[in-house]
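# Structural overview for review
Listed below, chain by chain, are the residues.
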Amino acid sequence: MNLYLLFIAPILGAVFIGTLVNPAVGLYYLVLDSWVAGKITDLGEILPLFSVNKILVVFSTVALMLHMALGACNVNLRLLFSRTALCVYAFLAYLLWSSLYLMGRNEPNLLNNLAFFVLILAIMGYKTLSRLKWVVAIIIAASFGMMLSTAGLRLLDVGSLLADVSKGDRIQPGFHILVAIPFLIAFMNTTPNSKLKRLTKVLLVAAIFFVFAQLSRTLVASLLILACFYMIRGHVRAIWVMFLVPVIVSVLAVGMMTDYGQKLLRLPTEKKTQLNEQEMQAFTSGRSGLYWIAWKMFLKYPLAGNGYDSFRHPKGNTLVVAPVAEALERSALHSAWLQVLSETGIIGTILYFGLYLSAYLDFRKVRRRTQEASIYFYSEAVLAGMLLFFLGGIFDNFGFNYRIFFLFMALSSVLASVSVISPARASYQPMAFETETNYHNPLLEGASR
């Protein structure tokens, strides 16, 4: 604790003073603190109601209101009541009702996520482009720092860049790097600086390798689907797609016969037509049993669910479906979608799906309205990030109660609210595998519709 105060207290002091002068400083630090897996200054386990993150959210909000009262800044009030914002309010309000009414307890993280979401809308509603670039720069820098620190600690610990599949904490930093990849691609498409473009390409390759090195089936599958997303979006010429698809399939087929592939899938070494119960538990990391429990929970209360966070922290120290071992009772479900279904029922699941639908409609709106390259490419990056949350939530815990999920929702709403900035399209450099003569430009298509 003394070491913590020695190194972190000066940083926090500077952040709080900077936030009082400019509320955007607090937002930037909150983005950094939320993006770094494990958090920089979160004392949630010690003081759950007064963590540094929560205090800074409140302090940044007060600083923003003070600046508004003094006329030092403006807030786009219409943005606070946009379609996406209303969808987020409805979903978080339903989670809060579920927690208070069904579970009988308060969840401060719900209110903190709501305040964080509103703070992004309020601060980024003006000077959107400049502040967007700051947020993206922070995300890229934080991701690079996470890759270096994780790789260094792993080399010291196990002497390899590949993760230990027995450690569950390898997934979270891998997912954060995965959702940073779309921002790297957007930055690479919009920066006019050739040196920064080359550096971004190096970081992109490092990020892809880092995701593969986590030995997570969910992350690897999501990365491959992300590649398909950018192929469909026209970032890769059709002739290259014809070659890339069989190459990817061949690499995967050969890779399954390597030590990496066997660690990735956790398959038994002996050839069998059917896995026994122990081998099935190893292959699914114990999730198959938990999925069945969550499904039975949903069937018991299908409409409103069993209550927010009832799976991991059930009432009366027992799950609705009994008997359940204590080890399973305290485990994460590893499926955000199934967790939403079992905890919030059909109503909560519909509200949650509505967030993804609203983000897609935001992108469609940007495609129709803007001819500004930066707005378009970053809106596309946000849509790609939402796709990764959608996929990552199928077999892991990324989604509805994740802090950076609400960062993506807020960015989606902010970018959709930006009007056409200029009738002329901003210039940009094509990616390394494109040329000016054959590049498929989605901006011109959107402008002509």
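See the structure above.
Summary of the structure given here. Not measured: the values here are computed from a predicted model.

Attention now goes to a positive patch on the surface. Together, Arg78, Arg364, Arg368 and Arg369 line one region of the surface with positive charge. Within the secondary structure, Arg368 sits in helix H15 (residues 336-369).

The tally for this structure, following the rule as stated, stands at 30 aromatic pairs. Taken together, a centroid distance of 5.8 Å and an interplanar angle of 25° make the contact between Tyr28 and Trp134 stacked. Highlighted residues: Tyr28 in helix H2 (residues 23-35) and Trp134 in helix H6 (residues 128-158), separated in sequence by 106 residues. Pairing Tyr356 with Phe405 gives two aromatic rings, centres 5.8 Å apart and planes at 55°, and the pair type is tilted. Here the residue Tyr356 occupies a position in helix H15, and Phe405 occupies one in helix H17 (residues 403-417), the gap between them amounting to 49 residues. You'll find Tyr356 and Phe405 in the same group, each marked buried. Across from the ring centre of Phe116, 5.6 Å away, lies the NZ or CZ of Arg403, which sits over that ring.

A separate point is empty space enclosed by the protein. In the structure shown here, the tally under the stated rule is two cavities of 30 Å³ or more. Estimated volume of the largest cavity: approximately 40 Å³. Taken together, Ile140, Ser143, Phe144, Met147, Ala180, Leu184, Leu203 and Ala207 make up the full set of residues lining the largest cavity. Put simply, the parts of the chain that give the lining of the largest cavity at least two residues each are H6, helix H7 (171-190) and helix H8 (194-213). Ranked by residue count, the leading element in the lining of the largest cavity is H6, at four residues. Looking at the lining of the largest cavity, its residues break down into seven nonpolar, one polar and no charged. Around the second largest cavity, the lining residues are Ala359, Asp362, Phe363, Ser379, Val382, Leu383 and Ser412. When residues of the lining of the second largest cavity are traced back to their parent elements, those giving at least two are H15 and helix H16 (373-395).

Close contact between H7 and helix H9 (residues 217-232) brings their axes to 11 Å; oriented N to C, the two are set at 10°. Considering the angle they form, H7 stands roughly parallel to H9. The residues of H9 that touch H7, namely those facing Ile171, Gly174, Phe175, Leu178, Ile181, Pro182 and Ile185, are Leu219, Ser222, Leu223, Leu226 and Tyr230. Residues that form the contact of H7 with H9 fall into these classes: ten nonpolar, two polar and no charged.

Quick look at the environment of Leu355 now. Within the fold, Leu355 resides in helix H15. A C-alpha to C-alpha distance of 6.8 Å links Leu355 and Thr84, two positions 271 residues apart in sequence. When sequence neighbours within four positions are dropped, the list of residues in contact with Leu355 reads Cys87, Val88, Phe91, Phe405 and Met409.

Turning our attention to unusual backbone geometry. Look at Leu215: it is not a glycine, yet its phi comes out positive at around 55°. Relative to the helices and strands, Leu215 is located in the loop between H8 and H9. By relative accessible area, Leu215 is classed as buried at 1%. Unlike most non-glycine residues, Asp309 shows phi in positive territory, near 65°. Its location among the elements puts Asp309 in the loop between helix H13 (287-300) and helix H14 (326-329).

Conventions used here
- In every chain, residue numbers begin from 1 and rise along the written sequence.
- Where local features are concerned, this predicted model is filtered to residues with pLDDT of at least 70; where side-chain atom pairs are given and counted, the filter is 80 or more; whole-chain, interface and lining totals use all residues.
- Hydrogens are left out, water is left out, and the side-chain values use all remaining heavy atoms of the structure.
- To count toward a patch, a residue needs a relative accessible area above 30% and no salt bridge. Like charges then connect within 9 Å, nonpolar side chains (Val, Leu, Ile, Met, Phe, Trp, Tyr) within 5 Å.
- For every accessible area listed, the method is Shrake-Rupley and the probe measures 1.4 Å; residues are considered covered only by the protein chains on display.
- What makes a salt bridge here is a side-chain nitrogen of Lys or Arg within 4 Å of a carboxyl oxygen of Asp or Glu, nothing more.
- Neither His nor the chain ends contribute to the count of charged residues, in which Lys and Arg are positive and Asp and Glu negative.
- Taken as the charge centre is NZ of Lys, CZ of Arg, CG of Asp or CD of Glu, depending on the residue.
- Going along the chain from the N terminus, every DSSP run of H or I of four or more residues is numbered as a helix, and every run of E of two or more is numbered as a strand.
- We call Phe, Tyr and Trp rings a pair once their centres come within 6.5 Å, taking the six-membered ring for Trp, and we label the pair stacked below 30 degrees between planes, edge-to-face above 60, and tilted otherwise.
- Residue exposure (1.4 Å probe, protein chains only): buried if accessible area is under 20% of the type maximum, exposed if over 50%, otherwise partly exposed.
- For a ring to carry a charge above it, either NZ of a lysine or CZ of an arginine must fall within 6 Å of the ring centroid while also lying within 35 degrees of the normal to the ring plane.
- A 1.4 Å probe that fits but cannot get out identifies a cavity on a 1 Å grid over protein atoms alone, an open set with protein on both sides within 12 Å along at least five of seven lines counts as a pocket, and a residue lines either if it has an atom within 4 Å of a point.
- Grid points are joined across faces, edges and corners, and a volume is the space filled by probe spheres set on the points.
- Gly is placed with the polar residues, together with every amino acid not listed as nonpolar (Ala, Val, Leu, Ile, Met, Phe, Trp, Tyr, Cys and Pro) or charged (Asp, Glu, Lys and Arg).
- Whenever a helix is involved, its axis is fitted only over the stretch in contact; in every case the axis is a line through C-alpha atoms, and angles between N-to-C directions fall within 0 to 180 degrees.
- Angle categories are assigned with fixed cut-offs, so that under 35 degrees is roughly parallel, over 145 is roughly antiparallel, 65 to 115 is roughly perpendicular, and the rest are oblique.
- Two residues form a contact once any of their heavy atoms are found within 4.5 Å.

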